[in-house]
Amino acid sequence: MGFPSKALLSALQYRAEPSDIFVSAYPKCGMTWVQNIVYLILGDAIPLAAEQRMTELFPHLEEVGKDSINALPAPRLIKTHLPFVMTPYHPKTRYIYVARNPFDCAVSFFHHTRGFPKHYDFADGTFEDFFECFVAGEVDFGDYFDNLTSWYAHKDDQNVLFLTYESIKLDLCRAVLSIGKFLGHDFSQNESLVEMVLHHSSFSSMSENQDRWSSPRPENMPAFIRKGVVGDWVNQFSPEQTRCLLEKCSRREQGCNLEALWPDIFAMARQHC
Ligand code: A3P
């Protein structure tokens, strides 16, 4: 992991409060998008100001450790990439988990890893190299399947809202309203508020304000809010890589029906290889 191990050890000791709101995801699965939606819902749809940074308002538990989280005002907004078993738990705490199909996740993670050269030293890395590491689970924050299956097992828990990136893409309004309801903010009757949340969480609005979501990236690298497309992996994967990831999916499902989560993606993958 790219963060200091001291912060991780401290993070694991954090005691979740009933009023906490966690957003959890494996890297590159749409975490920032959902963080922004939560932030907008709780804050009357007022977007981050030019000088504000999401990472300060909605910090990453494993990066900052427990003391920084304890210093936040309630309700604490907390981001994590930890699998369920390692995430600080309280039965009244609310957890929103975002899953994304492993194909698009791998491509997005590749660009992310290239784009932080000081952190990862992978600026000239190839997709072939990254893909091998991804399939082996040897990337930042560990194995995609360990993370997803640990949360999937809790997808029907009362205090867990399990979403997919693709479902948010398909119907942003529906996703926003279900997140609002889950957080106890049913604002479905307030059309102007809904409109404002949708506007400020749209891809175009978020990509105009890149510096609010991430530290700067070198000019020759893709932006943090990069493409936001479902199924774009097909332009990056070779048929052999597609076959390899399909095989890995069937080996690692562990009770998590990946194909039911992403039927179109799996149909596309079978055609591609
Ligand atoms: P791509 O690299 O495929 O474009 P995370 O926040 O977990 O790091 O996820 C980043 C991914 O979410 C990136 O995917 C990014 O473009 C996408 N994303 C962020 N905001 C989005 C939005 N408003 N609409 C669609 N996709 C978004």
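Structure shown above.
Residues numbered from 1 in each chain as written. Predicted model: local features only at pLDDT ≥ 70, side-chain atom pairs only at ≥ 80, totals over all residues. Heavy atoms only, no water.

Comments concerning the site of the ligand
Phase 1: In the vicinity of the ligand there are 18 residues, among which T32, S108, Y165, K227 and G228 approach most closely.
Phase 2: Within the backbone of G30, a nitrogen or oxygen atom sits 3.0 Å from an oxygen atom of the ligand.
Phase 3: R226 places a polar side-chain atom, nitrogen or oxygen, 2.8 Å from an oxygen atom of the ligand.
Phase 4: Contact with the protein chains covers 97% of the free accessible surface of the ligand, which is 560 Å².
Phase 5: Of all the secondary-structure elements, those providing two or more residues to the shell around the ligand are α2 (31–42) and α12 (203–208).
Phase 6: Residue contributions to the shell around the ligand peak at three residues, all from α2. (Near = heavy atom within 4 Å. Polar contact = N/O pair within 3.5 Å; in protein donor to acceptor, adjacent residues only side chain to side chain. Areas by Shrake-Rupley, 256 points an atom, 1.4 Å probe, with all protein chains shown as cover. Helix = DSSP H or I, 4+ residues; strand = E, 2+ residues; numbered from the N terminus.)

Some details on the pattern of salt bridges
Phase 1: Taken as a whole and judged by the stated rule, the model has nine salt bridges.
Phase 2: In this structure, R252 and D146 form a salt bridge, with 2.6 Å as the shortest nitrogen-oxygen distance. Linking R252 in helix α13 (residues 239–252) with D146 in helix α8 (residues 144–152), this pair joins segments that are 106 residues apart in sequence.
Phase 3: Looking at R252, the relative accessible area reads 16%, which means it is buried.
Phase 4: Look at D146 and you get partly exposed, because its relative accessible area is 41%.
Phase 5: Close ionic contact of R243 with E240 constitutes a salt bridge, the shortest N to O distance being 2.6 Å. Placement of the pair is R243 and E240 together in helix α13, with a separation of three residues, close to one helical turn. (Salt bridge = Lys/Arg side-chain N within 4 Å of Asp/Glu carboxyl O. Buried < 20%, exposed > 50% of the residue type's maximum accessible area, 1.4 Å probe, protein only.)

Re the sheet that holds strand β3 (residues 94–99)
Phase 1: Across the sheet, four strands lie side by side as β2-β1-β3-β4; this open sheet has parallel pairing. The open sheet has two free edges, formed respectively by β2 (77–80) and β4 (160–164), since each of these has just one partner strand. Shown here is a sheet whose adjacent strand axes are inclined to one another by a mean of 20°, direction ignored.
Phase 2: By the bridge criterion, five bridges tie β3 to β4 in an arrangement that is parallel. Bridge pairing in β4 places Y97 opposite F162.
Phase 3: Seen against the sheet, α8 touches β1 (21–25), β3 and β4 and runs at an angle of roughly 135° to β3.
Phase 4: Along the sheet face, helix α10 (residues 172–182) touches β3 and β4 and points at about 170° away from the line of β4. (Pairing = 2+ DSSP bridges. Axes fitted to C-alpha atoms, helices over the stretch in contact; angles between N-to-C directions. Contact = heavy atoms within 4.5 Å.)

Things to note about the pairing of β1
On a regular strand, each side chain points to the face opposite its neighbour's, so the side chains alternate between the two faces of the sheet.
Phase 1: Among the five residues of β1, five are classified as buried, and the element is accordingly described as predominantly covered.
Phase 2: Taking every second residue as pointing to the same face, both faces of β1 are buried, with I21, V23 and A25 on one and F22 and S24 on the other.
Phase 3: As paired elements, β1 and β2 share four bridges and run parallel to each other. Each bridged residue has a counterpart across the sheet, and for F22 the counterpart in β2 is I78.
Phase 4: Across five bridges, the pairing between β1 and β3 is parallel. Within the sheet, the bridge partner assigned to V23 lies in β3 and is I96.

Topic: unusual backbone geometry
Phase 1: Here the amide bond leading from A74 into P75 is cis, since omega sits at -5°, within 30 degrees of zero.
Phase 2: The topology assignment puts P75 in the loop between α4 (61–70) and β2.
Phase 3: The backbone phi angle of D44 is positive, close to 50°, even though this residue is not glycine.
Phase 4: Along the chain, the position of D44 falls in the loop between α2 and α3 (54–57).
Phase 5: Of the residues examined, D44 reaches a relative accessible area of 54% and is grouped as exposed.
Phase 6: The residue A45 is not glycine, and still its phi comes out positive at about 65°.

Thoughts on the packing of aromatic side chains
Phase 1: Under the criterion given, the structure shown has 28 aromatic pairs.
Phase 2: Judged by centre distance (6.0 Å) and plane angle (50°), the ring pair of Y95 and W151 falls under tilted. Here Y95, found in strand β3, pairs with W151, found in helix α8; they are 56 residues apart in sequence, far enough to count as distant.
Phase 3: Residue Y95 is classed as buried on the basis of its relative accessible area of 0%.
Phase 4: An angle of 80° between the planes, with centres 5.3 Å apart, marks the rings of W233 and F237 as edge-to-face. As far as burial versus exposure is concerned, W233 and F237 are alike and both buried.
Phase 5: The ring of Y165 carries R100 above its face, with NZ or CZ at 3.9 Å from the centroid.
Phase 6: The positively charged end of K155 is found above the aromatic ring belonging to Y152, 5.1 Å away from the centroid. (Phe/Tyr/Trp six-rings, centres within 6.5 Å; stacked < 30°, edge-to-face > 60°. Lys NZ or Arg CZ within 6 Å of the ring centre and 35° of its normal.)

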